[in-house]
Number of protein chains: 2
Amino acid sequence: MPDDPYAAAVIDLLGVLAYGELSAFERLCADAALAPTLDDKAEVAAMACAEFGHFQQLREKLIDLGVSADDAMRPFVAPLDAFHASTAPADWLEGLVKAYVGDGIAADFYREISVLLDDETRALVLEVFGDTGHAAFVVSKVRSSIEADPRVAGRLALWGRRLMGEALSQAQRVAAERDALAALLAGGGGNGGMDLVELGRMFTRITEQHTKRMAALGLAA
Amino acid sequence: MPDDPYAAAVIDLLGVLAYGELSAFERLCADAALAPTLDDKAEVAAMACAEFGHFQQLREKLIDLGVSADDAMRPFVAPLDAFHASTAPADWLEGLVKAYVGDGIAADFYREISVLLDDETRALVLEVFGDTGHAAFVVSKVRSSIEADPRVAGRLALWGRRLMGEALSQAQRVAAERDALAALLAGGGGNGGMDLVELGRMFTRITEQHTKRMAALGLAA
């Protein structure tokens, strides 16, 4: 790890993103196995491979920085595995909601953080979280399931709230354990940072976006 | 399904190939979950996504022919699922051997059949079974495992023979159930076909290639 705190924070950030994408790939593979039709399976498999493509971009960048993806990802394996273990979908619909809502929260969070980064790293983060066009598939599947059986909505609304809660608690744990990341957020990276008021506003914006996504699915946040 | 027996055979062939790739994707996803290191996981995930890319090419071709991938794949879901159920790897190494040896047998078989196809379909089949560069990874992992523990070789050699046996019996079952495919092999497609002597030679060549792959892994065929 480099001595420069900003460089260390970037490596941490790329490491957590890379492991996030690799575990998203694995999670979507498991979802694909639950798909009710072959077309659904293919759609979720395409989402999995899109995540894996992002992982490969992040790994390339880490290699450019002289760090192996394996080393950069290692500190984040336990917390991200814990997140996925505590939010293992019970069925196909819960998997779809997790893919859409969970990835949405992560994307919002990292996009917010990206303003603290240098241009090149920011461009990579924005690209990795760019729209892959899969949201429309999830929204249409979830909405038609609710139409077919309105009782599904209550269960999925609870599920969405749990995802938000677990995501926040894991994010706090990671920030508390990784000094470089915490310093980046607080402005120690030299690119400016966020004070407590700004952090509070950021979480408000993320919560608002979450509410919008739940509404798009036809669910109460 | 079209009335023209050759067109029906092509759709059957693309259907079995497409489902083969989609189930290879799923199987490699399951293997990735067993990987001992993050680098190994990423390598197998890349293999999974390469297979999914092939699936997408085959699906495009089916759509061009006016058939949904779902319809074309359906007759082959049960036999291919049965093959995978009867050859579920017990661990990471068995998964790697299956990916290399099993896909090798399939690739040899479809490459042999491709001589009976029109130029465009043949080009697609050859592309889908082109070398994705992943064989070297499997060979090196299996050889170093045998070096570390020579007893592994006996178990994996048995495993390789079982894969060959199950592949042949499934291929026979599929050919027996799908008249169009059987007719293509026998020359009913109008592009010439294989008589029993040629069929026998084809199986001899496939067996020889299998023996070479087992030897590359350091295993007795």
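None of these values were measured; they are calculated from a predicted model.

Reading guide: rules and limits
- Residues numbered from 1 in each chain as written.
- Chains lettered and ligands numbered in written order.
- Predicted model: local features only at pLDDT ≥ 70, side-chain atom pairs only at ≥ 80, totals over all residues.
- Heavy atoms only, no water.
- Helix = DSSP H or I, 4+ residues; strand = E, 2+ residues; numbered from the N terminus.
- Contact = heavy atoms within 4.5 Å.
- Buried area = accessible area lost by both parts, 1.4 Å probe.
- Salt bridge = Lys/Arg side-chain N within 4 Å of Asp/Glu carboxyl O.
- Polar contact = N/O pair within 3.5 Å; in protein donor to acceptor, adjacent residues only side chain to side chain.
- Nonpolar A, V, L, I, M, F, W, Y, C, P; charged D, E, K, R; others polar.
- Phe/Tyr/Trp six-rings, centres within 6.5 Å; stacked < 30°, edge-to-face > 60°.
- Buried < 20%, exposed > 50% of the residue type's maximum accessible area, 1.4 Å probe, protein only.
- Least-squares fit on C-alpha atoms with pLDDT ≥ 70 in both.
- Disulfide = S-S within 2.5 Å.
- Axes fitted to C-alpha atoms, helices over the stretch in contact; angles between N-to-C directions.
- Parallel < 35°, antiparallel > 145°, perpendicular 65-115°, else oblique.

Attention now goes to the environment of Glu198(B). Mapping Glu198(B) onto the fold places it in helix α9 (residues 196-217). Along the sequence, Glu198(B) and Ala7(B) sit 191 residues apart, while their C-alpha atoms lie 23 Å from each other.

This paragraph deals with the interface of chain A and chain B. On the side of chain B, 22 residues touch chain A, which itself brings 22 residues to the contact. The largest per-residue losses of area from chain A upon contact with chain B belong to Glu26(A), Leu38(A) and Asp70(A), which jointly make up 29% of the total buried on that side. At the junction of chain A with chain B, the criterion picks out 2 salt bridges. The interface formed by chain A and chain B holds 4 residue pairs in polar contact (both at pLDDT 80 or more) in total. For the side of chain A that touches chain B, the element with the highest residue contribution is helix α2 (residues 38-64) of chain A, accounting for 12 residues. When grouped by side-chain class, the residues that make up the side of chain A that touches chain B number 16 nonpolar, 1 polar and 5 charged.

Turning our eyes to something else, we now look at the packing of aromatic side chains. Counted by the stated rule, this structure contains 8 aromatic pairs over all chains. When the ring of Tyr110(A) is compared with that of Phe129(A), the centres are 5.4 Å apart and the planes differ by 15°; the resulting orientation is stacked. With Tyr110(A) in helix α4 (residues 92-113) and Phe129(A) in the loop between α5 (119-128) and α6 (135-148), the pair connects residues that are 19 residues apart, well separated along the chain. On the basis of relative accessible area, Tyr110(A) is assigned to the buried category, the value being 15%. Given a relative accessible area of 13%, Phe129(A) falls into the buried group. Here Phe109(B) and Tyr110(B) contribute two aromatic rings whose centre-to-centre distance is 5.3 Å and whose plane-to-plane angle is 65°, an arrangement assigned as edge-to-face. Each member of the pair, Phe109(B) as well as Tyr110(B), is classed as buried.

This brings us to the relation of the copies chain A and chain B. Two copies of a chain can be linked by a rotation about an axis combined with a shift along that same axis. Between the two copies, chain A and chain B, the superposition gives an RMSD of 0.0 Å; the rotation angle is 180° and the shift along the axis is 0.0 Å. Put plainly, the chains are arranged around a two-fold axis. Of all interface residues in chain A, 100% are interface residues in chain B too; the two copies therefore contact each other through one and the same surface.

Further remarks concern the state of the cysteines. One pass over the full model with this rule turns up 1 disulfide over all chains. Between the sulfur of Cys29(A) and that of Cys29(B) lies a disulfide, 2.2 Å long from S to S. Disulfide Cys29(A) to Cys29(B): torsion about the S-S bond roughly -40°, handedness left-handed. Here the residue Cys29(A) occupies a position in helix α1 (residues 5-33), and Cys29(B) occupies one in helix α1 (residues 5-33), the pair thus bridging two chains. A relative accessible area of 8% places Cys29(A) in the buried class.

Next up on the list: the packing of α1(B) against helix α8 (residues 179-186) of chain B. Residue and element names in this part refer to chain B. Direction vectors running N to C along α1 and α8 enclose 110°, while the axes themselves pass 8 Å from each other. Put simply, α1 runs roughly perpendicular to α8. When α1 is examined against α8, the residues Pro5, Tyr6, Ala8, Ala9, Asp12 and Leu13 are found in contact with a partner set consisting of Ala180, Leu181 and Leu184.

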